[in-house]
Amino acid sequence: PPTIDLEVRGAEPKPEMLTGDANVTLRRMAYRGIAAESVTAKLQFAEHKLTIHPLHVRRTEGEGSGTVILDFARDEVRLENVETTLHPQEVILWIDPKLQKDIAPYRFGRRPPAVTLNGVVHTRGGDTTKLNVDVRAPGGLTYTFLRKDLHLPRVTATLHFIGSRLQIADFDGSIWGGRLRGDANISLKRENPHNEVSLNLANVDFASLTRLYFNYDDSQGKLNANYKFTINGDDARGMGGRGALTVTQGRVCAIPFLGPLSEILNSIVPGMGKDVARRARASFTARRGVFD
């Protein structure tokens, strides 16, 4: 059972005429189906606003604290210096269930990320949403990109929810022994799924990439690349953009798109098609999902 100390005052018993204060201690409980071990908070109510400060939440995987202001007149929730080590996919339901689908693609493992939130969320889908989210995930992140699951052992990023768009800035993660950095501007509207993405790879194991995306095991080398593209949703065939790549310390002729050339070279000089090249460079463009 909870412990609540409450005082409400006003000229008339109407919400718009009342102000109040409360101290709340909740033991094991759940809100919108999401459980917590304990919650402590100080509440103030005035002018159709409920201010929860300080707020402290404890769950089995971590803790969260900060200030939450519910503005019932404007249908907004304001978050100030909210810091958590809780699973985002679950506790986002406490803030706004509509946001769950927006963060669902970012799948963290058993170790939740450290997240800091500041900004406003419109609870009825209005255009005043402006929420900044700083993410540090030392336990890693799994994300589906072009219908393949990418696992990044370490990730940091800043997410800006602005109206109906999500901007990902300063994305920095480890992948396949190298580094992935990038930015993205993603639509949160299904009727207008236009997305813009910029990626940079540094010292990535080239064989791991070709194995995942081309089911090809015979590539070798280190990959450095940049690629800027647009895509509607996850429709790879509608993707368009341009980029460049460099492969070093690799079997250049074993790269998938050079496979036919490898067989020709092998027929001339046995083993030439599998020769180790020191360096290979290429620039490329993509139009309607076709690379050249």
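This text goes with the structure placed above it.
Since the structure is predicted, the reported quantities are computational estimates derived from the model, not experimental observations.

### Side note on the overall build of the protein
The helix and strand tally for the protein stands at 4 helices and 21 strands. Considering only contacts in the protein between residues 6 or more positions apart, those separated by 24 or more positions represent 43%. Element-wise, carbon and sulfur atoms account for 53% of the exposed surface of the protein, whose accessible area totals about 16,900 Å².

### Quick word on helix H1 (residues 88–95)
Turning to H1, its buried residues number three or more, namely Pro88, Val91, Ile92, Leu93 and Trp94. Buried residues belonging to H1 abut strand E3 (29–31), strand E4 (34–36), strand E6 (49–58), helix H2 (100–103), strand E9 (107–108) and strand E10 (114–122).

### Some points on helix H3 (residues 206–214)
Among all positions of H3, only Phe206, Ala207, Ser208, Leu209 and Thr210 are buried. Where H3 terminates, the next one or two residues include asparagine 215, which has phi positive at roughly 55°.

### Structural notes on the sheet that holds E9
Strands sit in the order E9-E12-E13 across an open sheet of 3 strands; the sheet is antiparallel. The sheet terminates laterally at E9 and strand E13 (148–152), the two strands that pair on one side only. Across the face of the sheet, H3 comes into contact with strand E12 (141–145) and E13 while running at roughly 150° to E13.

### Let's talk about a nonpolar patch on the surface
A cluster of nonpolar side chains, Ile4, Leu6 and Val8, forms an exposed patch at the surface whose accessible area comes to about 310 Å². Note on placement: leucine 6 falls in strand E1 (residues 3–10).

### Some remarks on the environment of lysine 189
When you line up the elements, lysine 189 lands in the loop between strand E16 (178–187) and strand E17 (194–205). Lysine 189 sits 44 residues away from glycine 233 along the chain, and the two C-alpha atoms are 9.8 Å apart.

### Quick look at the packing of aromatic side chains
Enumeration according to the criterion identifies 5 aromatic pairs in this entry. With a centroid separation of 5.3 Å and 20° between ring planes, the pair formed by tyrosine 106 and tyrosine 143 is classed as stacked. Residue tyrosine 106 is found in the loop between H2 and E9, and its partner tyrosine 143 is found in strand E12; the two are separated by 37 residues along the sequence. Accessibility expressed as a relative area gives 25% for tyrosine 143, which makes it partly exposed. Ring geometry for phenylalanine 284 versus phenylalanine 291: centroids 5.9 Å apart, planes at 50°, classification tilted. The buried category is assigned to phenylalanine 284, whose relative accessible area is 16%.

### Some points on the environment of leucine 146
Here leucine 146 lies in the loop between E12 and E13. Separated by 90 residues in sequence, leucine 146 and alanine 236 place their C-alpha atoms 6.2 Å apart. Among residues more than four places away in sequence, those in contact with leucine 146 are Tyr213, Ile231, Ala236 and Met239.

### Describing a positive patch on the surface
Taken together, the side chains of Arg32, Lys98, Lys101 and Arg190 present a region of like positive charge at the surface. Of note, lysine 98 is situated in the loop between H1 and H2. Lysine 98 sits in the partly exposed class, given a relative accessible area of 47%.

What counts and what doesn't
Residues numbered from 1 in each chain as written. Predicted model: local features only at pLDDT ≥ 70, side-chain atom pairs only at ≥ 80, totals over all residues. Heavy atoms only, no water. Helix = DSSP H or I, 4+ residues; strand = E, 2+ residues; numbered from the N terminus. Contact = heavy atoms within 4.5 Å. Areas by Shrake-Rupley, 256 points an atom, 1.4 Å probe, with all protein chains shown as cover. Buried < 20%, exposed > 50% of the residue type's maximum accessible area, 1.4 Å probe, protein only. Pairing = 2+ DSSP bridges. Axes fitted to C-alpha atoms, helices over the stretch in contact; angles between N-to-C directions. Patch = residues over 30% accessible without salt bridge, like charges linked within 9 Å, V, L, I, M, F, W, Y side chains within 5 Å. Salt bridge = Lys/Arg side-chain N within 4 Å of Asp/Glu carboxyl O. Phe/Tyr/Trp six-rings, centres within 6.5 Å; stacked < 30°, edge-to-face > 60°. Lys, Arg positive; Asp, Glu negative; His and termini not counted. Charge placed at Lys NZ, Arg CZ, Asp CG, Glu CD.

In short, the description is geometric, and any link to function would need to be established separately.
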